[in-house]
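Residues per chain are reported as follows:
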There are 4 protein chains.
Amino acid sequence: MDQQLELAGFYRRVRQKTEALCKPLCIEDFGLQSMPDASPSKWHLAHTTWFFETLVLEKSLAGYQSFCSGFRVLFNSYYNTIGPQWARSERGLLSRPTVEEVFAYRQHVDLAILGFLSEELPAQCKRLIALGLHHEQQHQELLLMDLKHAFARNPLRPEYAKPDQIGLGTLPGRQNWIAISGGVFGFGHQGAGFCFDNEEPRHEALVADFEIADRMVTNLDYIEFINDGGYQRPEYWLSDGWAMAQADNWKSPLYWQPEEGGFSQFTLHGYQAVEPDAPVSHVSYYEADAFASWSRARLPSEYEWELATERSGSKGALMDDDQFQPRGLASNSVKGKVHQLLGDLWEWTRSPYTAYPNYTSHPGPIGEYNGKFMCNQMVLRGGSFATSECHIRTTYRNFFPPHSRWMFSGIRLARNVE
Amino acid sequence: MDQQLELAGFYRRVRQKTEALCKPLCIEDFGLQSMPDASPSKWHLAHTTWFFETLVLEKSLAGYQSFCSGFRVLFNSYYNTIGPQWARSERGLLSRPTVEEVFAYRQHVDLAILGFLSEELPAQCKRLIALGLHHEQQHQELLLMDLKHAFARNPLRPEYAKPDQIGLGTLPGRQNWIAISGGVFGFGHQGAGFCFDNEEPRHEALVADFEIADRMVTNLDYIEFINDGGYQRPEYWLSDGWAMAQADNWKSPLYWQPEEGGFSQFTLHGYQAVEPDAPVSHVSYYEADAFASWSRARLPSEYEWELATERSGSKGALMDDDQFQPRGLASNSVKGKVHQLLGDLWEWTRSPYTAYPNYTSHPGPIGEYNGKFMCNQMVLRGGSFATSECHIRTTYRNFFPPHSRWMFSGIRLARNVE
Amino acid sequence: MDQQLELAGFYRRVRQKTEALCKPLCIEDFGLQSMPDASPSKWHLAHTTWFFETLVLEKSLAGYQSFCSGFRVLFNSYYNTIGPQWARSERGLLSRPTVEEVFAYRQHVDLAILGFLSEELPAQCKRLIALGLHHEQQHQELLLMDLKHAFARNPLRPEYAKPDQIGLGTLPGRQNWIAISGGVFGFGHQGAGFCFDNEEPRHEALVADFEIADRMVTNLDYIEFINDGGYQRPEYWLSDGWAMAQADNWKSPLYWQPEEGGFSQFTLHGYQAVEPDAPVSHVSYYEADAFASWSRARLPSEYEWELATERSGSKGALMDDDQFQPRGLASNSVKGKVHQLLGDLWEWTRSPYTAYPNYTSHPGPIGEYNGKFMCNQMVLRGGSFATSECHIRTTYRNFFPPHSRWMFSGIRLARNVE
Amino acid sequence: MDQQLELAGFYRRVRQKTEALCKPLCIEDFGLQSMPDASPSKWHLAHTTWFFETLVLEKSLAGYQSFCSGFRVLFNSYYNTIGPQWARSERGLLSRPTVEEVFAYRQHVDLAILGFLSEELPAQCKRLIALGLHHEQQHQELLLMDLKHAFARNPLRPEYAKPDQIGLGTLPGRQNWIAISGGVFGFGHQGAGFCFDNEEPRHEALVADFEIADRMVTNLDYIEFINDGGYQRPEYWLSDGWAMAQADNWKSPLYWQPEEGGFSQFTLHGYQAVEPDAPVSHVSYYEADAFASWSRARLPSEYEWELATERSGSKGALMDDDQFQPRGLASNSVKGKVHQLLGDLWEWTRSPYTAYPNYTSHPGPIGEYNGKFMCNQMVLRGGSFATSECHIRTTYRNFFPPHSRWMFSGIRLARNVE
């Protein structure tokens, strides 16, 4: 039961955190959907609740009364095993249920789950509740990503949080290369703690010697790429990336605007100057790859990234720091270490998102959590300022399509050993 | 000044009516945009206010301080003469200004206009204020149309108004044909009262003898068309209409759903059975024309409609009746008259929307009000249950593209005299 | 039988003319389809033949063996009464039947029709054959329009005909206005000769006094509009036209290219300088209307055009002149007449294409010829250099959507009498 | 020089083979483009010639006169380093150059290359000519794929080759699993022979024990999947695959049509019954993966495929056999071997197409050959009946996007060792 007490505490903290993130919102903001890939805040609030209701309470709590039968469809994201889904691109059309009703839904489910947790539960139930909480932590980050995307479309320039100073004011020098020697090593999750199924099974793989940059790519680095014609020179780009950049007229990372003498960017703190020392963010895989080619380097594989992190990783900003953008590396950072690996920004790897050897997805709806997305996406590692510290791991595999830019994504370089 | 007092009274009534129409809404409802053609309620509230601010106060009231400079672009609908416009299809993305701010904007402008009206004003100013009020009455109807469209998309089936009994329960017999003898007659607005520029100049035209139905087409009439394969028989349809019906899989009017033994429909009172005696609504021009062909009749021209109305028109439900759908014709309606001409539903005519002979549009922004839309649209006449009585006239020309169905549109038949 | 002999002669001439128009083509050219609105030359050759086979031979010639059963679908343009149709946008995918096979198809049908015409035929058959020939004359013009569109896409710049001098080298002065007094007049076809059903019935209409330009708008006139910012000034444009011009980035008529000091244009004679004195062509209704607004004039209605032509019309180039573009007006043209009314270029009128009063379409497939297109199109009058003299009439009504530009269309101005 | 003599012989054979493949075509067929991904036969003939002209003759043969300067753009596929390209989706619009001119272009370049080869050439030139020939062999297969796609759209059902008996009439039993033991092995090309840059560098990788099917999946196997609701059960599908299957209404492999009691399919020999024993073809990666899931197996990785082929591979039909579809496995095939690995059909692997460790692309245009496509595609291995024997290798990596179906693709299963 101690473990359940702990789980109940974790439940309370995560659920409260999600609601705390909504504090700055007007009721009108909760319904915004600025593109099919993004969801309204209200939908995130309800869907994470739906997860507990549908996968835990309706399956395992005898006599549980669902809050509203229509929610089963409305807040199902993509679980075909559970049934039909309200179209993703039309989530913004749902003025009802109201925000107040969604908060009532959350309370209804919270009471049920916390009551449920006061009894001795089978391991499978506890695993599902833990999964639901990690799921909600993922949606906390999505909520911020999606809200930023929607706010950026409004010419009145709403601010999610008060203006904040980013960057530390000390320009980092050129990155240093840290050599990592290769060999056959184990990768993927091991041990008793929580992990997603895509981090398993632990397996061995052969990695060659390589070098990895001791810091992320900064805005200043990236501006050099822009100024050198990076967006006009197809020789640096993947074919699909070049086509996308032309079609959508990319000239800089998402949210940047050219200004006299530099760039400004839309942030969760409103419009700000692009700080040279902060890590560049809101780049697609295509841009990350083109930048790497221009730098005569490459992106690390996810194995290389995991190896480097285990040997020498250091942390940057995480959600526990309550800041809403990445920060530059402190000028007194220790030399010889690989900095900013966990936190600050998700780092694009060169690894397509595929199943680990001998991976099998779970039966039932939980099997749809990760496995069916193992195609057309690239792996990102390390978490961002919008990731809770208790949520991130060195084996954690995030994934997005190579053209996506609205995530809190950044770049770290690697290179071959000659 | 008496005329200005009257205008001030009209101003108060119209502005209050708009806000009264919003009473049933939750804050979340105000931002809904369910298609590019439809606008959020909040946008209607703001745009009608923008009209007074931009065309009256900023031009003619010395020292007027605009409420928020960004609104000039955000709430400009289509006036190129005034400047750039926020994209129509993205009106739903504006969570800010909030509903509260938009009501404050209305109050700010109302105070300024009513103050302005307390001084002696030039005729042009008074004409613009009157135009602004008729403009707002148009948007009252649009607000209901757009809200209905958005609510219809929500599977939770919100109701704008409490359930209401439609139909009078007395099935009308077959329509009767009223003969109208032709000749050269005057058409278009004359006299001192308000009219839109597209109703002018008064001019003569030759109309042949014709016959017109003494009532609108009912749901029962239309169901016969459906049951006779009307939506499967291209011989009744215009080519563009048939293509549209196939592409969008039309099988009935908008908002209808087949049910065991009949149809139900989404209304501003929620889902209801389709009442046989009520006039059929939410049909496109294509459907109206196909129904007429199937009936071995045709739609009236706008001249025919105007002539019949002047000779023999009777009224149906108007906004002043505070009901939110058309009603069936009373069984004791006088024979020999042409009923339901004003009110109930806008009636499709066979007339493309073009300029009257010798029409010229006004100079400046007001010239963009009507003239530039004189292409690709068909004229509808007579107003609907969502039109104020003081807003409709026998010479009033409404217009929509032939594929549009979300207006409160209906069908009246005419036929040639052999 | 004399009438049939004459019809047989007409048949031979029209059918030969179509094939003569194909002389300059390589086999590869016959299959080109450069947009869904345009058809391959091979398709025109086959479809015009299909018309005779399907509507005449298969219906009325006992024992007729169709050439290939698959053609019934493949070469049906839009006759739902006859059956399914091969998708319009995929006509270019049919490498088979080959060109040789299509010519064999023509010969097969020609023999049958000419044999058929050697017997005494019922009037309805003769009417259908005459209709088929006028139909084929329409397709002769379409064939040239479509081929020009396809050739214009090829950077190797194929020439349909050898370079030819256009313009007469004498710049016309400003146009003169010819006053026409109004009244109630008869419009539409009368008499025994051939006409399409949309020219009937003859009926009366009231036309006000007006003035009409004595010549078409020239390239020089139009260049003044361009140079005065015509394509950048929304105040001259219909709303739909402005949206189209922005979306498709129109800066000049179709086929024009800016060159140092002027414009060149793609013609059926290859690339040529835009001659100042030739009438401007390949303009949409939107451009014609915007030009007229900029000129403080308007387009004539189709009644006005018909009236002016009957009173005072003169001819320009027609297909019988074997030239493949319009010519400038001769400098010694008689003053006081309205020139270029028949031939040179189709003239946009301000009249939407609708049914004449008391029009009824024919029963059966022929009823689909014209009636079902009476929506979303504007009337053009007068024929072009690609219209045979025996095919054009003052009552002839051509029609195209207002955005179309690939026809041989031009502009004539009219204006109100103050 | 012996090596050059051999190269000249290879040149002649490959170039003649391409032209021999065009023997069955009518001139009209050469221009067909049925989708943006497919190119006209004429374009393949010209582009493969352009490769030699642009990359060899214009760079290295002093005084070479290019055949037509416009071809530099028209027949450039995707080489940004060389310059602009005619839009891929508009290759079908080029009726000129004619087929005859393209054959003259081929002859012009052939004479120049063969003359060039009679002198002693630097190694780089020879390497480029060899690359050009392997490039042309790839286009031979594309030419057949693209032609099949275009012919399949024609309801007259053209046949590329005379009807041919497929299948051997002996139904194979269930596949057998061949166990392969894992370890660290070398992968990728080694030795002096030709290879593409994406097969290099040779490198080591760790592969776990696995089992692989001794034959490809047959039509009979696949029909079981269909009959078991494979296309209606999302639990077997990748998310993107399921969305695609729904959007495009997939119910069977491409080119299949349901018939009473089974399926027929369009082949290069015209319509034929689907033979149970032949390997299933024209499946996307999504279908291959869904079939594997339904089979409780998976697709092999490209390393697994390469390992199995090196240990135990056997050949199926190749282009040298002059047949235009895959054949079933002979009933007397040796047990214990892995059959059909080279030839018959390309086999989908589960490996995304990425760079091998330490891969670097060549400088200049040749660097665009493979490297820039290393995203959003999956690796296929082993060649098909349309691949020449001298063109295929065990290390050969073909690649297509996961939704593509018009290639000659098939399925082989693998599974984990428990």
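J.: How would you sum up the overall build of chain A? Please name residues and give values.
T.: The secondary structure content of chain A amounts to nine helices and 14 strands. Taking 418 residues into account, the globule formula puts the C-alpha radius of gyration at 22 Å, and chain A, at 22 Å, falls close to it. Overall, the C-alpha framework of chain A stretches about 65 × 55 × 40 Å when taken along its three principal axes. Taking all 418 residues of chain A together, the buried fraction comes to 61%. Partitioning the contacts of chain A with sequence separation of at least 6, the portion at a separation of at least 24 is 81%.

J.: Let's hear about the packing of aromatic side chains: which residues, and what values?
T.: Applying the stated criterion across every chain yields a total of 144 aromatic pairs over all chains. Ring centres of A:Phe225 and A:Tyr231 lie 5.8 Å apart, and the angle between their planes is 55°; this geometry places the pair in the tilted category. In this structure A:Phe225 comes out as buried when scored by relative accessible area, which is 0%. What links up through ring pairs into an aromatic cluster is the set A:Tyr222, A:Phe225, A:Tyr231, A:Trp237, A:Trp242, A:Trp256, A:Phe263, A:Phe291 and A:Trp294. Just above the ring of D:Tyr271 sits the side chain of D:Arg157; from NZ or CZ to the centre is 3.6 Å.

J.: Account for the relation of the copies chain A and chain B, naming residues and giving values.
T.: The second copy of the chain is related to the first by a rotation about an axis and a shift along the axis. It takes a turn of 180° to lay chain A on chain B, together with a shift of 0.0 Å along the axis; the resulting RMSD is 0.0 Å. The superposition operator between the copies reduces to a two-fold rotation axis. Taking the C-alpha atom as reference, chain A places A:Glu28 closest to the rotation axis, 2.9 Å from it. Both copies present the same face, since 97% of the interface residues in chain A are matched by interface residues at the equivalent positions in chain B.

J.: How would you sum up the arrangement of the chains? Please name residues and give values.
T.: Taking C-alpha atoms as the reference, chain A and chain C come no closer than 15 Å and do not contact one another. A gap remains between chain B and chain D, with no contact made and the closest C-alpha atoms lying 15 Å from each other.

J.: If you had to explain the environment of B:Val338 to someone new, which residues and values would you point to?
T.: Residue and element names in this part refer to chain B. With respect to the helices, strands and loops of the structure, Val338 is situated in strand β9 (residues 338–342). Using a relative accessible area of 0% as the deciding quantity, one classes Val338 as buried. Separated by 296 residues in the primary sequence, Val338 and Lys42 have C-alpha atoms spaced 38 Å apart.

J.: Describe in detail the sheet that holds strand β4 (residues 210–213) of chain A, supporting the description with residues and values.
T.: The strands that make up a sheet pair up through hydrogen bonds in the backbone, lying either parallel or antiparallel. All names here are of chain A. Taken together, three strands build an open sheet; the order of strands is β1-β4-β14 and the sheet is antiparallel. Strands at the two margins of the open sheet, each flanked by one partner only, are β1 (177–180) and β14 (414–416). Mean inter-strand twist for the sheet, computed between neighbouring axes without regard to direction, equals 30°. Summarising the sheet, β1 and β4 pair through four bridges and their orientation is antiparallel. Paired with Ile180 across the bridge in β4 is Phe210.

J.: Describe helix α1 (residues 2–21) of chain B, with residues and values.
T.: All names here are of chain B. An ideal rise of 1.5 Å per residue puts 28 Å on 20 residues; α1 measures up with 29 Å between its terminal C-alpha atoms. Of the positions making up α1, those classed as buried are Gln4, Leu7, Ala8, Gly9, Phe10, Tyr11, Val14, Arg15, Thr18 and Leu21. Looking at the buried side of α1, the elements it contacts are α2 (41–60), α4 (99–116) and α5 (123–153).

J.: Break down the interface of chain A and chain D for me, with residues and values.
T.: Contact with chain A, which involves 26 residues of that partner, is made by 26 residues of chain D. Among the residues chain A hides against chain D, the three largest losses belong to A:Leu206, A:Cys375 and A:Asn376. Together they make up 22% of the total. Taken together, chain A and chain D are joined by zero salt bridges. Elements with a minimum of two residues in the side of chain A that touches chain D: β3 (203–207), α7 (239–247), α8 (285–294) and β10 (346–352) of chain A.

J.: Describe in detail the pattern of salt bridges, supporting the description with residues and values.
T.: Under the defined criterion, the tally for this structure stands at 88 salt bridges over all chains. A salt bridge links C:Arg397 to C:Glu302; the nearest nitrogen and oxygen atoms lie 2.8 Å apart. Taken together, the residues span a long stretch of sequence, with C:Arg397 in the loop between β11 (378–381) and β12 (398–400) and C:Glu302 in helix α9 (residues 302–312) at a distance of 95 residues. Per residue, the accessibility class of C:Arg397 equals that of C:Glu302, and both read buried. Residues joined in a network through salt bridges with shared partners are A:Arg15, A:Glu19, A:Arg106, A:Asp110 and A:Glu136.

J.: Give me the side chain of B:Thr98: which residues, what numbers.
T.: As for its placement among the helices and strands, B:Thr98 is situated in the loop between α3 (71–74) and α4. For B:Thr98, a relative accessible area of 10% gives the class buried. Sequence-distant contacts of B:Thr98, that is, excluding residues within four places in its chain, are made with A:Cys26, A:Glu28 and B:Lys42.

J.: Before we move on, could you go through the relation of the copies chain A and chain D and cite the residues and values that matter?
T.: Screw-axis analysis of chain A against chain D gives a translation of 0.0 Å along the axis, an RMSD of 0.0 Å, and a rotation angle of 180°. With an isologous cut-off of 70% or more, the 100% of interface residues of chain A that recur at the interface of chain D puts this contact in the isologous class.

J.: Got a sec to walk through the interface of chain A and chain B? Specific residues and values, please.
T.: In this complex, chain A contributes 30 residues to the contact, which on the side of chain B involves 29 residues. Of the roughly 2,300 Å² buried between chain A and chain B, counting both surfaces, carbon and sulfur atoms make up 62%. On the chain A side of the contact with chain B, A:Glu28, A:Leu93 and A:Arg96 bury the most area, a combined 30% of that side's loss. Along the contact surface separating chain A from chain B lie four salt bridges. For the salt bridge of A:Arg153 with B:Glu90, the shortest nitrogen-to-oxygen distance reads 2.7 Å.

About the thresholds
- Residues numbered from 1 in each chain as written.
- Chains lettered and ligands numbered in written order.
- Predicted model: local features only at pLDDT ≥ 70, side-chain atom pairs only at ≥ 80, totals over all residues.
- Heavy atoms only, no water.
- Helix = DSSP H or I, 4+ residues; strand = E, 2+ residues; numbered from the N terminus.
- Rg over C-alpha atoms; globule rule 2.2 N^0.38 Å.
- Buried < 20%, exposed > 50% of the residue type's maximum accessible area, 1.4 Å probe, protein only.
- Contact = heavy atoms within 4.5 Å.
- Phe/Tyr/Trp six-rings, centres within 6.5 Å; stacked < 30°, edge-to-face > 60°.
- Lys NZ or Arg CZ within 6 Å of the ring centre and 35° of its normal.
- Least-squares fit on C-alpha atoms with pLDDT ≥ 70 in both.
- Pairing = 2+ DSSP bridges.
- Axes fitted to C-alpha atoms, helices over the stretch in contact; angles between N-to-C directions.
- Expected span 1.5 Å × (residues − 1).
- Buried area = accessible area lost by both parts, 1.4 Å probe.
- Salt bridge = Lys/Arg side-chain N within 4 Å of Asp/Glu carboxyl O.

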